[in-house]
Amino acid sequence: MKKLLPLIFVLIMITACSAPNKKTEEMSYRRISMEEAAEMMQSDSTFIIVDVRRSDEFAEGHIPNAINIPNENIGEEEIPDLPDKNRIIMVYCRSGNRSKQASEKLVKLGYTNVIEFGGIMDWSGEIEK
């Protein structure tokens, strides 16, 4: 029996370590096309649009009603401009690279409804300055 105990312990540890982390698997953001984003903006108003470009880029022109939270400013601390972690957050940047990075960071911070829709370079709608 004494010889079996270490073996049982090792088997339990291996099984526990190899079990998938369900929380990690569920943590993700959704990617939609620019067209889907435009349609959503026309038909819904329960979201926040977040432009993750630098503030100087934002000042040059942005999607109407967007708020500016630069990707570089998204870290491990709470974001005062985004207090509701369950609200739909639509994220874009210039070309789609920073918006993906920012979306991943937001999910890690606990935001549950993050939607990434690419870059303003592909936006055919109105631009606000």
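The structure under discussion appears in the preceding block.
Conventions used here
- Residues numbered from 1 in each chain as written.
- Predicted model: local features only at pLDDT ≥ 70, side-chain atom pairs only at ≥ 80, totals over all residues.
- Heavy atoms only, no water.
- Helix = DSSP H or I, 4+ residues; strand = E, 2+ residues; numbered from the N terminus.
- Buried < 20%, exposed > 50% of the residue type's maximum accessible area, 1.4 Å probe, protein only.
- Contact = heavy atoms within 4.5 Å.
- Areas by Shrake-Rupley, 256 points an atom, 1.4 Å probe, with all protein chains shown as cover.
- Pairing = 2+ DSSP bridges.
- Axes fitted to C-alpha atoms, helices over the stretch in contact; angles between N-to-C directions.
- Arc of directions from axis to C-beta.

K.L.:
Hey, could you go over the overall build of the chain for me, with residue numbers and the actual values?
P.N.:
Of the regular secondary structure elements, the chain holds five helices and five strands. Tracing the chain from N to C terminus, the helices and strands come up as α-α-β-α-β-α-β-β-α-β. Looking at the chain as a whole, 37% of its 129 residues are labelled buried. For the chain, the proportion of contacts with a sequence separation of at least 24, taken over those separated by at least 6, is 68%. Surface summary for the chain: the accessible area is close to 8,500 Å², and the carbon and sulfur share equals 54%.

K.L.:
Would you mind going over the sheet that holds strand β2 (residues 47-51) in detail, with residue names and values included?
P.N.:
Across the sheet, which stays open at both edges, the five strands sit in the order β1-β5-β4-β2-β3 with parallel pairing between neighbours. This sheet does not close on itself; its edge strands, each paired only once, are β1 (30-31) and β3 (67-68). Running over the sheet, helix α3 (residues 34-43) touches β2, β4 (88-93) and β5 (114-119) and is turned about 125° from β5. Sitting on the sheet, helix α5 (residues 97-108) is in contact with β1, β4 and β5, with an inclination near 150° to β4.

K.L.:
Tell me about unusual backbone geometry, and please be specific about residues and values.
P.N.:
Positive phi outside glycine occurs at Asn65, with the angle close to 75°. Relative to the helices and strands, Asn65 resides in the loop between α4 (55-60) and β3.

K.L.:
Describe α3, and please don't skip the residues or the numbers.
P.N.:
An α-helical turn contains 3.6 residues, so a residue and the one three or four places further along point in the same direction. Taken residue by residue, α3 has Met34, Ala37, Met40 and Met41 as its buried positions. Looking straight down α3, one finds its buried side chains confined to an arc of 120°; they lie on one side. Away from its buried face, by an angle of more than 90 degrees, α3 presents the exposed residues Glu35, Glu39, Gln42 and Ser43. Residues of α3 that are buried sit in contact with β2, β4 and β5.

In short, the description is geometric, and any link to function would need to be established separately.
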